[in-house]
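# Summary of structural features
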Amino acid sequence: MNTILKTAVCLLLIHLNATAQVKQQNIPRVDQMPNLPQPLKIIDYKKLALDFDKTVYDFNAKGKFWPMVWMDDSKKNYPQDVVGLYTAVGDVRQGPNHNTGMFHEALATMGATLGATLVGIDKNKQQNLNYVAMLKNYFNKETNWNIMMNNTCPEVALLGGGYGRDWWYDVYPNLLFYSVYDKYPNEPGFTEIAKSIADKFYEADVILNGNYDYSYFDYNKMKPMTNNICTQPDAAAGHAWVLYMAYKKFGDSKYLKGAKSALAALESQSKNPTYEVLMPFGAYLAARINAEEGVKYDTNKMLAWTFDGTPICREGWGSLVGNWNGIDISGIFGSTVDHGGYGFLMNTYDAAWPLVPMIRYDQSYATAIGKWMLNAANASRFFYPQYMPNDHETIPELADVSKGVIGYEGMIRQSSYKEYENLKGPVAQGDGPLWVLGENPKESQFSVYGSGHVGIFGSIIKPTNVTGILQLDLLATDFFHDKAYPSYLYYNPYTESKTVTIKAPKGQKVDLYNTITGTFTAKDVTSSSKIKIEALSSAVIVCIPSDGKITYQDNKMLVNGIIVDYKFQPKK
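Residues numbered from 1 in each chain as written. Predicted model: local features only at pLDDT ≥ 70, side-chain atom pairs only at ≥ 80, totals over all residues. Heavy atoms only, no water.

### Topic: the overall build of the chain
As a reminder, the rule being used: Numbering of helices and strands runs from the N terminus, with a helix taken as a DSSP run of H or I at least four residues long and a strand as a DSSP run of E at least two residues long. We take the radius of gyration over the C-alpha atoms and set the globule estimate at 2.2 Å times the residue count to the 0.38 power. In this scheme, a residue with accessible area under 20% of its type's maximum is buried, one over 50% is exposed, and one in between is partly exposed, where area comes from a 1.4 Å probe on protein chains only. Throughout, a contact is declared for two residues whenever any of their heavy atoms are within 4.5 Å. By the counting scheme adopted, Arg and Lys are positive, Glu and Asp are negative, and His together with the chain ends is not counted. The location of each charge is read from NZ of Lys, CZ of Arg, CG of Asp or CD of Glu.
Summing up its helical and strand segments, the chain has 18 helices and 24 strands in all. What you see for the chain is a C-alpha radius of gyration of 23 Å, in line with the 25 Å of a compact globule of 572 residues. Counting only C-alpha atoms, the chain reaches 80 × 50 × 50 Å along its principal axes. Taken across its 572 residues, the chain has 62% of its residues classed as buried. Expressed as a percentage of contacts within the chain between residues at least 6 apart in sequence, the contacts between residues at least 24 apart total 67%. Computed over 54 positive and 56 negative side-chain charges, the inter-centroid distance for the chain is 7 Å.

### A few points about the sheet that holds strand β14 (residues 461-463)
Our working rule: A pair of strands is considered paired only if DSSP assigns at least 2 bridges between the two. Each axis is a line fitted through C-alpha atoms, and for a helix only the stretch in contact is used; angles between axes span 0 to 180 degrees, taken between their N-to-C directions.
Sheet architecture is open: 6 strands sit in the order β14-β15-β16-β21-β18-β19, paired in antiparallel fashion. Looking at which strands have only one partner, the edges of the open sheet turn out to be β14 and β19 (519-525). In this sheet, neighbouring strand axes are inclined to one another by 25° on average, regardless of whether the strands run parallel or antiparallel. Note: strand β15 (residues 470-473) against strand β16 (residues 487-491), 2 bridges, orientation antiparallel.

### Concerning empty space enclosed by the protein
Take a probe with the size of a water molecule and roll it over the atoms, and the empty space left behind shows itself. Our working definition: The rule is simple: put a 1 Å grid over the protein atoms alone, call a set of points where a 1.4 Å probe fits but cannot get out a cavity, call an open set with protein on both sides within 12 Å along at least five of seven lines a pocket, and count a residue as lining if it has an atom within 4 Å of a point. Grid points are joined across faces, edges and corners, and a volume is the space filled by probe spheres set on the points.
One pass over the full model with this rule turns up 4 cavities of 30 Å³ or more. Taken as a whole, the largest cavity encloses approximately 90 Å³ of empty space. As for the largest cavity, its lining consists of 13 residues, of which Glu 276, Val 277, Pro 280, Phe 333 and Asn 347 are closest to the centre. Approximately 70 Å³ is the volume attributed to the second largest cavity. Along the walls of the second largest cavity sit Arg 360, Leu 474, Tyr 485, Ser 487, Thr 515, Val 540, Val 542, Ile 563, Val 564 and Tyr 566, which together make up its complete lining. Broken down by secondary-structure element, the contributors of at least two residues to the lining of the second largest cavity are β21 (538-545) and β24 (562-565).

### Things to note about a nonpolar patch on the surface
This is how the line gets drawn: Without a salt bridge and with relative accessible area above 30%, a residue can belong to a patch; like charges are then joined within 9 Å and nonpolar side chains (Val, Leu, Ile, Met, Phe, Trp, Tyr) within 5 Å. What sets the accessible areas is the Shrake-Rupley method with a 1.4 Å probe; for residues, cover comes only from the shown protein chains. Salt bridges are identified by distance alone: a Lys or Arg side-chain nitrogen within 4 Å of an Asp or Glu carboxyl oxygen.
Residues Leu 434, Trp 435 and Leu 437 make up a contiguous nonpolar surface patch of roughly 310 Å² in combined accessible area. The topology assignment puts Trp 435 in helix α16 (residues 432-435).

### What to know about the environment of Leu 36
With respect to the helices, strands and loops of the structure, Leu 36 is situated in the loop between α2 (28-31) and α3 (45-56). Considering only alpha carbons, one finds Leu 36 and Met 225, 189 residues apart in sequence, at a separation of 45 Å. For Leu 36, the contacting residues outside a window of four places in its chain are Leu 374, Pro 493 and Tyr 494.

### Observations regarding the packing of aromatic side chains
Under the convention used in this document: By convention, a stacked pair of Phe, Tyr or Trp rings (six-membered ring in the case of Trp) has centres within 6.5 Å and planes under 30 degrees apart, an edge-to-face pair has planes over 60 apart, and any other such pair is tilted. Geometrically, a lysine NZ or arginine CZ counts as sitting over a ring once it is within 6 Å of the ring centre and also within 35 degrees of the ring normal.
Taken as a whole and judged by the stated rule, the model has 36 aromatic pairs. Taking 5.9 Å as the distance between ring centres and 85° as the angle between the ring planes, the aromatic pair formed by Trp 353 and Phe 479 counts as edge-to-face. With a gap of 126 residues between them, Trp 353 in helix α13 (residues 345-355) and Phe 479 in the loop between β15 and β16 connect regions that are remote in the sequence. For the pair formed by Trp 353 and Phe 479, the shared burial category is buried. By the ring-pair criterion, three or more aromatic residues cluster together here, those being Trp 168, Tyr 169, Tyr 172, Trp 241, Phe 281, Trp 353 and Phe 479. Across from the ring centre of Tyr 131, 4.3 Å away, lies the NZ or CZ of Lys 123, which sits over that ring. The ring of Phe 520 carries Lys 523 above its face, with NZ or CZ at 4.2 Å from the centroid.

### As for the layout of surface pockets
For the record, the criterion: When residues are grouped by polarity, Ala, Val, Leu, Ile, Met, Phe, Trp, Tyr, Cys and Pro land in nonpolar, Asp, Glu, Lys and Arg in charged, and all others, Gly among them, in polar.
Of the voids in this model, the largest pocket is the one considered here, and its volume is about 620 Å³. Together, 27 residues line the largest pocket, and Tyr 169, Glu 409, Asp 431, Trp 435 and Tyr 449 are the ones closest to its centre. Elements with a minimum of two residues in the lining of the largest pocket: α7 (167-183), β9 (342-344), α13 and α16. In terms of residue class, the lining of the largest pocket is built from 13 nonpolar, 6 polar and 8 charged. For the second largest pocket, the lining is made up of 23 residues, of which Ser 459, Lys 462, Gln 471, Asp 473 and Tyr 488 are closest to its centre. Contributing elements (two or more residues each) for the lining of the second largest pocket: α18 (454-460), β14, β15 and β17 (498-503). Split by residue class, the lining of the second largest pocket holds 12 nonpolar, 7 polar and 4 charged.

Listed below in structure tokens is the structure:
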């Protein structure tokens, strides 16, 4: 062996033995979930997302209550038509012939646009329409709020949830917008909108000065407000996430300052402030900002708040755990107490958006998040009538209206409808008929808005050669991230070790680096390689160039100047 080769081998061996295993942290609520949920079946969420887009965006679709889309020519906020998308099948308030066609929600249209984009559909060049540009109409400049809102105007806002009285409804469309903006950075007008939103959120955080204990914030009067709706301190998580994305995009230090301030306001809460969908974004941002900025927000605290179902105001809101009549439903998100537990499709999909990429920045939660995602991916198929047994659905005889792409809004232990309360849980149902009593049809239990977010799961989840071991893409929903190499989380739910085949990116020669062990599991991979994952453990694999130059900076490991491991732990 020549001297150069000996040196190279020695350096590699030094690296392989110089790191310590990253100790895994528990999430107590996830500990209560089964390692391997039953009955086990992971559906093809990417195909479901592609089919949803193709089916729901068909203006010529035939069938009762179809098509699900229409054009709104009211030209609110911008001089352009905007597509409307039903919130629920057959909602009598919606469509071109009701409320002058203006009642449609950003939760539906933005969520469906994002979901389709994540699975590879270009939504600004589809059917000769630019669905991305249409989202600008939700930017409420006519009201001087100058942020994205759930409706285009207040005239129809009170027909549904939120809009200037329920904080998460006002904040969340801005998270959806920023995510779409990341995928379409050159869409005319988006940069100006993104800056306006960030400026509003920054100014609001300054005014709030650490106290987010309000029902909503009036972004026109720039004044916090209280009403009969719960106070929602977790709005700070939404502010923080948007401001940090703005900082990564524009580099303005005031946005970083605002993000830190809002996150500190969230962290300072003495009781669980979870309200709806925003807390997971606080946990993600805590991990990311700790890794990138060298601070120490309490990620553990925010993850516990996300999962454990202990908020006071929104009683029981968190992740459900249980086996109901032989069906594991663990991992879905919603109320842990309503009629024994009531989980929702959109909330479950959207929790994966921040929680999965969080592992890039703090791999100590890899096993917990991998276990949760396996449970969530398994249980979420039961929202769809083609996968839920008929005797666990409220309206299986009407399922054809869903065309195989629209799921029920929720899954409940005992139905909240008297006529279905004798069904055995889990019961797939939805709240649509309660929104307009006596008018909304039974079919409005099928949730268009929640089903549109399926692309989040579709972009993250891929099967491996081992049933029950998923490949979770850590970059798919890690918006505005720095340069990164393909990164994946694998969780082994079995009580014995398993060997998983990992494919290299096409046309590349890579080394496979595991951020949990801090070691290379394979070198010079051109097609595929097998890795061993120990029982009830996980691996976080980064595919790095085989000829890359390794350097270290503080506790970070870099390859060709790109961070691979944010928590590199040399042995002491």
